[in-house]
Amino acid sequence: MSKFDLVIINGIVVTAGDVGSYSIGVKDGKIAALSPEFTKEEIGDAEVIDAEGAYVTPGGVDAHVHLNQDLSTGPAAATGAKCADSWETGSRAAIAGGTTTLVGFALQTRQDKSLLKVVEDYHQHAMATGTWADWGYHIIISRLDKEVIKAEFPVLVKEWGITSTKLFMTYDTLRLTDHELMIVMMEARKAGITTMLHAESGDIISFLTEQLEERGMTAPSFHGQSRLPIAEGEATHRAIVLAEMVQSPVLFVHVSASSAANAIREAQSRGLPIFAETCPQYLHLTWQDLQRFHSPLCFENSKMLCSPPPGPNADDQENLWTGLRNGTFTIYSSDHCPFMYDAPNGKMLGILDHPDSMKDEPCHEGHVHDHMELAGRKEGHFKYVPNGCPGVETRLPLLFNYGVEGGRLSPTKFVELTATAPAKLYGMYPKKGTLLPGLSDADICIWYPEGKLPTFKLKNEMLHHNVDYTPYEDMEFSNWPRYTILRGKVMWANGELKGKAGDGQYLKRGPSLMGQKSPGKPLDPRRVPLWLHEQ
């Protein structure tokens with residue numbers, strides 16, 4: 001019997017804390033050993049992969065994906081919007097991009113009372129198709145039922161291993177008031193649940209949207225003007241105040257604005273358990289990309305709509321890269337929220353749900369609109385466009401090519417942001433996010449050796465998601481995951497899928513390893529009601 005099932009030789013192994021030339025031995029789906037080299041006897045008849053001097057990193061952990069969801073996102077709450085990717089297709093794309101673990105969102109609507117039923121119903125989607133990657137859930141809360149939260153939070157933790165909740169400060173169908181946010185955050189803290197916040201000021205966005213409408217500025221390219229960076233900055237600062245009052249750890253999702261990042265950094269410098277995430281779209285896109293197609297008023301620009309929108313120019317991008325390096329950003333996620341462009345439940349809702357665009361258009365029963373023909377004649381309205389972009393497959397390659405190979409990030413920081421820190425933050429470490437013998441699943445990404453992969457321009461047809469576009473079309477890449485290994489099984493090799501839906505396993509997560517406030521630091525009575533936290 002071989003000592004190992006799989007051996008990786010000649011690799012430059014990278015963790016969040018170290019880089020070295022090692023061989024990796026895998027047994028029964030776990031990292032069994034790291035060694036400068038193994039003997040022939042140790043290798044035996046194990047499968048051998050020669051990394052040829054390439055980087056070998058932990059499989060990616062993408063803790064922010066939207067799959068198999070009906071979403072009503074946007075100021076007008078687009079009706080009928082549906083994410084294009086199922087758990088099967090989204091996880092398939094993740095594997096092809098080096099990601100082995102996903103955490104998606106079980107979404108409570110205003111009509112749903114029980115959080116447990118929301119999770120049970122959502123879980124059926126993943127179980128029906130199977131997944132290519134291991135996965136877990138966050139729970140989105142959109143209504144305040146104190147008794148339900150108090151009763152069901154502990155059950156979510158114990159039975160489902162759900163130890164994080166996402167709350168919204170914008171979108172009429174999802175947002176909570178400040179009062180409600182504080183109640184949920186306080187109960188989450190008591191239950192050992194980490195709070196995630198989508199921080200944008202709904203009132204500022206509503207005001208700006210009304211002003212734009214009065215001026216006839218409603219084409220998709222005006223989306224950025226309706227959600228100015230200050231809307232994110234104000235909400236972030238306000239949420240930090242609320243979180244400090246109730247002493248709740250908070251993770252700010254998809255941070256795009258420098259003003260928001262600055263507020264987060266200031267809070268971190270005071271020792272608060274405040275964490276932040278940014279995403280590829282904010283490092284590579286700007287308002288100019290909202291005018292990319294044909295003309296500034298072309299509806300095809302709706303492909304690039306996400307919230308928050310990318311920053312106005314490259315200044316925000318540079319500040320975000322700095323935040324990735326200096327620790328302001330704890331994690332780097334995709335916020336994969338895919339909508340088809342040419343589909344009635346995707347971006348086309350920006351025309352189909354806009355009364356002015358559909359005025360005088362035939363809408364009788366049985367009539368089927370030619371969406372592309374409509375898009376050639378109509379500007380639509382940004383507020384009816386479902387917000388979100390695909391990115392689960394391109395997340396790691398973008399940061400590796402433009403961060404590591406571009407000289408902006410060290411290999412260890414890359415691993416920290418994409419695997420180790422999300423695993424620690426969301427209660428999966430050291431099972432996920434690292435390569436510790438005897439403790440870690442053998443989730444591994446092997447890149448191409450330098451110069452082995454010819455530089456290419458990305459095309460959407462190269463990707464494995466179920467979306468008809470990518471925001472990163474024609475961007476150049478000189479590296480990509482060569483092998484993706486899930487618990488010791490080769491799932492992706494040399495540009496070909498090797499695994500199958502059903503290879504993924506559900507993950508019950510533990511408490512965050514990052515949620516503690518600075519030890520011994522006294523609470524400031526000017527900021528925190530001390531009596532609220534007396535034992």
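Residues numbered from 1 in each chain as written. Predicted model: local features only at pLDDT ≥ 70, side-chain atom pairs only at ≥ 80, totals over all residues. Heavy atoms only, no water.

Note on terminology: disulfide describes a covalent bond linking the sulfur atoms of two cysteines. Following the criterion strictly, the structure yields zero disulfides and no others. With no disulfide of its own, Cys306 lies 4.3 Å from the sulfur of Cys389, the closest cysteine sulfur. Free of any disulfide, Cys445 has its nearest neighbouring cysteine sulfur in Cys279, separated by 19 Å. Classification of Cys445 as buried rests on a relative accessible area of 0%. (Disulfide = S-S within 2.5 Å. Buried < 20%, exposed > 50% of the residue type's maximum accessible area, 1.4 Å probe, protein only.)

Time to look at the side chain of Glu277. In this structure, Glu277 sits in strand β12 (residues 274-278). Although Glu277 lies buried, it forms no salt bridge, and the closest oppositely charged side chain, Lys166, sits 7.0 Å away as judged by the N-O distance. Of the polar contacts made by the side chain of Glu277, one reaches the backbone nitrogen of His254; its length is 2.7 Å. Ignoring any residue separated from it by four or fewer positions in sequence, one finds Glu277 in contact with His64, Leu251, Phe252, Val253, His254, Val255, Phe329, Ile331 and Ser333. (Helix = DSSP H or I, 4+ residues; strand = E, 2+ residues; numbered from the N terminus. Lys, Arg positive; Asp, Glu negative; His and termini not counted. Salt bridge = Lys/Arg side-chain N within 4 Å of Asp/Glu carboxyl O. Polar contact = N/O pair within 3.5 Å; in protein donor to acceptor, adjacent residues only side chain to side chain. Contact = heavy atoms within 4.5 Å.)

For any two aromatic rings, the description comes down to two numbers: the centre-to-centre distance and the angle of the planes. Counted according to the given criterion, the structure contains 18 aromatic pairs. A centroid spacing of 6.1 Å and a plane angle of 75° characterise the contact between Tyr55 and Phe400, whose relative ring orientation is edge-to-face. Residue Tyr55 is located in strand β5 (residues 55-58), and its partner Phe400 is located in helix α15 (residues 395-404); the two are separated by 345 residues in the primary sequence. Residue Tyr55 is classed as partly exposed on the basis of its relative accessible area, which comes to 27%. Here Phe400 falls in the buried class, since its relative accessible area comes to 2%. (Phe/Tyr/Trp six-rings, centres within 6.5 Å; stacked < 30°, edge-to-face > 60°.)

To continue, consider the layout of surface pockets. For the second largest pocket, the calculated volume is near 280 Å³. Taken together, 16 residues make up the lining of the second largest pocket; nearest its centre are Leu107, Asp112, Asp121, Tyr122 and His125. Counting residues per element, the ones that place at least two in the lining of the second largest pocket are β7 (99-107) and α3 (115-129). Of all the elements, α3 adds the most residues to the lining of the second largest pocket, at five residues. Each residue belonging to the lining of the second largest pocket can be placed in one class, and the counts come to five nonpolar, five polar and six charged. (1 Å grid on protein atoms, 1.4 Å probe; cavity = no way out; pocket = protein on both sides within 12 Å on 5 of 7 lines; lining within 4 Å. Points joined across faces, edges and corners; volume = space filled by probe spheres on them. Nonpolar A, V, L, I, M, F, W, Y, C, P; charged D, E, K, R; others polar.)

What follows deals with helix α16 (residues 411-425). Between its terminal C-alpha atoms α16 stretches 20 Å, which fits the 21 Å expected from 15 residues at 1.5 Å a residue. At Leu417, α16 is deflected by roughly 45°, the largest bend along its length. In terms of burial, α16 is a largely internal element, eleven of the 15 residues being buried. Taken together, the buried positions of α16 are occupied by Lys413, Phe414, Val415, Leu417, Thr418, Ala419, Thr420, Ala421, Pro422, Ala423 and Leu425. Phi turns positive one or two residues past the end of α16, at Gly427, with a value near 70°. (Expected span 1.5 Å × (residues − 1). Bend = angle between axes of the 7 residues up to and from the residue.)

Right, let's talk about unusual backbone geometry for a bit. For the bond running from Ser307 to Pro308, omega is -5°, close enough to zero to count as cis. Along the chain, Pro308 falls in the loop between α10 (280-284) and α11 (314-326). In this model, Tyr429 is joined to Pro430 through a cis peptide bond whose omega is 5°. With respect to the secondary-structure elements, Pro430 resides in the loop between α16 and β14 (444-447). Positive phi, normally seen in glycine, also occurs at Tyr171, with a value near 70°.

When you line up the elements, Thr57 lands in strand β5. For Thr57, the side chain forms a polar contact with the side chain of Trp447, separated by 3.2 Å. Contact partners of Thr57, with chain neighbours within four places excluded, come to Val14, Phe414, Val415, Leu435, Asp443, Ile444, Cys445 and Trp447.

Moving on, we get to the nonpolar core. Ranked by internal contacts, the top residues of the largest apolar core, which has 111 residues, are Tyr137, Ile139, Phe153, Leu156 and Phe252. When neighbours within four sequence positions are excluded, Tyr137 is seen to be in contact with Trp87, Val103, Gly104, Val119, Tyr122, His123, Ala126, Trp160, Ile162, Ser164, Tyr506 and Arg509. (Core = buried A, V, L, I, M, F, W, Y, C linked by side-chain atoms within 4.5 Å.)

The next point concerns empty space enclosed by the protein. Counted by the stated rule, this structure contains three cavities of 30 Å³ or more. Considered as a void within the structure, the second largest cavity measures approximately 70 Å³ in volume. Residue composition of the lining of the second largest cavity, grouped by class: eight nonpolar, two polar and three charged.

Here we take up the environment of Ser91. One can find Ser91 in helix α2 (residues 87-96). Ser91 gets classed as buried once you look at its relative accessible area, which sits at 0%. The sequence separation of Ser91 and Ala126 amounts to 35 residues, and the corresponding C-alpha distance is 10.0 Å. With residues near it in sequence (within four places) discarded, Ser91 still touches Ser86, Leu102, Thr131, Trp132 and Ala133. Reaching out from Ser91, the side chain makes a polar contact with the backbone nitrogen of Trp132 at a distance of 2.8 Å.

Once that is clear, we can look at the sheet that holds strand β9 (residues 164-168). Within a sheet, each strand pairs with its neighbour through backbone hydrogen bonds, oriented either parallel or antiparallel. Ordered in space as β6-β7-β8-β9-β10-β11-β12-β13, the eight strands form an open sheet in which the pairing is parallel. Each end of this open sheet is capped by a strand with a single partner; those strands are β6 (60-62) and β13 (331-332). Running over the sheet, helix α8 (residues 229-246) touches β10 (194-198), β11 (250-252) and β12 and is turned about 170° from β11. (Pairing = 2+ DSSP bridges. Axes fitted to C-alpha atoms, helices over the stretch in contact; angles between N-to-C directions.)

With that settled, consider the pattern of salt bridges. Per the stated rule, a full pass over the model turns up 35 salt bridges. Asp441 serves as the salt-bridge partner of Lys30, at 2.9 Å between the closest nitrogen and oxygen. Taken together, the residues Lys30 in strand β3 (residues 30-35) and Asp441 in the loop between α16 and β14 connect sequence positions 411 residues apart. A relative accessible area of 28% places Lys30 in the partly exposed class. Exposure remark for Asp441: the relative accessible area of 2% places this residue in the buried category. A salt bridge links Asp134 to Arg487; the shortest N-O distance between them is 2.8 Å.

Helix-helix packing is described using two parameters, namely the angle between the two axes and the distance between the axes. Here helix α5 (residues 178-191) crosses α8 at 45°, and the two axes come no closer than 9 Å. In terms of orientation, α5 lies oblique with respect to α8. Considering the relative orientation of α5 and α8, their crossing is right-handed. Contacts from Asp178, Leu181, Met182, Met185, Met186 and Arg189 in α5 reach Arg238, Leu242, Ala243, Met245 and Val246 in α8. Class assignment for the residues of the contact of α5 with α8 results in eight nonpolar, no polar and three charged. (Parallel < 35°, antiparallel > 145°, perpendicular 65-115°, else oblique. Left-handed = near helix turned anticlockwise from the far one by under 90°.)

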